[in-house]
Protein chains: 2
Amino acid sequence: MPGRDVTLGTIQRELTAFARRARHKAAQIHPDLSLVTYSMLDHMQASGGCRGIDLAEHFLLDKSTVSRQTAVLERLGLIVRAADPADRRGQILRPSAAGLRLLEEAHRQRRETFEERLADWGDEDLERFAGYLRRYNAEG
Amino acid sequence: MPGRDVTLGTIQRELTAFARRARHKAAQIHPDLSLVTYSMLDHMQASGGCRGIDLAEHFLLDKSTVSRQTAVLERLGLIVRAADPADRRGQILRPSAAGLRLLEEAHRQRRETFEERLADWGDEDLERFAGYLRRYNAEG
DNA sequence: TAAACTCAGATGTATTATGCAACTGATTGG
DNA sequence: CCAATCAGTTGCATAATACATCTGAGTTTA
């Protein structure tokens, strides 16, 4: 087994390579949405609606960037805004019907891409991989 | 165990979240180098020297982007160029002494960051995680 | 061998994501 | 009720990136 240092280097390097590739692929799959913008939409759904500031914290982005990207999503009709009943300074952002359709379609395409790439992975390896990633991100 | 689709979704989502965070952290660690530019330097070392076109293929970037980023690295004195003896159209790019020092320092800082984050991971989990990532990227 | 093609790299130009700073409106707390 | 806080927006500057084009060096072929 290689040393811990070498392994850490591998993890960093491979995760970075993934990041680049994901961005590239995302640009093909949803041409009008950047990877981050798409991920914001996804997060809105996964969290059952959230505020812009939540997105900024989750993705480590400036709130101005979030504001602009949500503006894009709104212009495309992919989200709806609602006043936050708990604090009327904020707005709850949710995918619109069109946004949900886009997510559905993106999931489908992603499934194809990933299935192709991960076809020969056993369910157990896949699940363990997902578990490691979840664990890794959770510890930030 | 969750379904394969759900697991694939988790992998995609977590990898994407990582990508954003990595970019953010990289901006702190090496202020004058973007994550990708730093990764290029790292790849030059890991591969024992490579051409610009190799970097473009590896990171799925346009060669013009690579050209500009390598220009940045050269301006900072972090790389040296040498004619490719096998094909004199190309240039072999390698970290300079200063580039190696920067990598060394970055590795040290990364080790601290990752060690903090991955402190409670056993060597076996760490190695398996690295293995999954390598395998994942290799299948592209 | 000369001409046509290929390839790595560089450059011009436009787009886009991003961060910081300043501002607005609304809420909350002392 | 006034000061502090907070979510969001906008102005401005910078940087990464892609696409198209150009250049110079190799390679292939007629």
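Before going into details, it helps to say that this report is about the structure given with it. From a predicted model like this one, the values you see are computed outputs, not experimental measurements. (Residues numbered from 1 in each chain as written. Chains lettered and ligands numbered in written order. Predicted model: local features only at pLDDT ≥ 70, side-chain atom pairs only at ≥ 80, totals over all residues. Heavy atoms only, no water.)

## Observations regarding the packing of helix α5 (residues 97-117) of chain A against helix α1 (residues 4-29) of chain B
Taken N-terminus to C-terminus, the directions of α5 of chain A and α1 of chain B make an angle of 90°; their axes are 10 Å apart at the nearest point. Comparing their axes, α1 of chain B and α5 of chain A come out roughly perpendicular. Of the residues in α1 of chain B, those touching α5 of chain A at Arg110, Arg111, Phe114 and Glu115 of chain A are Arg4, Asp5, Leu8, Gly9, Ile11 and Gln12 of chain B. Considered class by class, the residues forming the contact of α5 of chain A with α1 of chain B number three nonpolar, two polar and five charged. (Axes fitted to C-alpha atoms, helices over the stretch in contact; angles between N-to-C directions. Helix = DSSP H or I, 4+ residues; strand = E, 2+ residues; numbered from the N terminus. Parallel < 35°, antiparallel > 145°, perpendicular 65-115°, else oblique. Contact = heavy atoms within 4.5 Å. Nonpolar A, V, L, I, M, F, W, Y, C, P; charged D, E, K, R; others polar.)

## Section: the interface of chain A and chain B
Taken together, the contacts link 56 residues of chain A with 56 residues of chain B. Summing both sides of the interface, chain A and chain B together bury roughly 6,700 Å²; the carbon and sulfur share of this comes to 60%. Contact with chain B buries area across many residues of chain A, yet Arg4, Tyr132 and Tyr136 of chain A alone supply 12% of it, more than any other trio. The closest approach of N and O atoms between Arg135 of chain A and Asp125 of chain B, which form a salt bridge, is 3.4 Å. If you look at where chain A meets chain B, you find 17 residue pairs in polar contact (both at pLDDT 80 or more). Among the secondary structure elements, those contributing two or more residues to the side of chain A that touches chain B are α1 (4-29), α2 (35-46), α3 (52-59), α5 and α6 (123-138) of chain A. It is α1 of chain A that provides the largest number of residues to the side of chain A that touches chain B, a total of 19 residues. When the residues that make up the side of chain A that touches chain B are grouped by side-chain class, the tally is 24 nonpolar, eleven polar and 21 charged. (Buried area = accessible area lost by both parts, 1.4 Å probe. Salt bridge = Lys/Arg side-chain N within 4 Å of Asp/Glu carboxyl O. Polar contact = N/O pair within 3.5 Å; in protein donor to acceptor, adjacent residues only side chain to side chain.)

## Some words on the nonpolar core
With 32 residues, the main nonpolar core has Ile11 and Phe129 of chain A together with Ile11 and Phe129 of chain B as its most contacted residues. Leave out the neighbours within four places in its chain, and Ile11 of chain A touches Phe114, Leu126, Phe129, Ala130 and Leu133 of chain B. (Core = buried A, V, L, I, M, F, W, Y, C linked by side-chain atoms within 4.5 Å. Buried < 20%, exposed > 50% of the residue type's maximum accessible area, 1.4 Å probe, protein only.)

## Here we look at the environment of Val6 of chain B
Residues and elements named next belong to chain B. With respect to the secondary-structure elements, Val6 resides in helix α1. For Val6, a relative accessible area of 52% corresponds to the exposed category. Put simply, Val6 and Arg108 are 102 residues apart on the chain and 36 Å apart in space, counted from C-alpha to C-alpha.

## Side note on the relation of the copies chain A and chain B
Superposition record for chain A on chain B: RMSD 0.3 Å, screw rotation 180°, translation along axis 0.2 Å. The transformation just described matches what one would write down for a two-fold rotation axis. Considering only C-alpha atoms, the part of chain A nearest the rotation axis is Ala19 of chain A, at 2.4 Å. Here 98% of the interface residues in chain A have copies in chain B that are interface residues too; the copies meet face to matching face. (Least-squares fit on C-alpha atoms with pLDDT ≥ 70 in both.)

Spatial relationships are all this shows, so hold off on functional conclusions.
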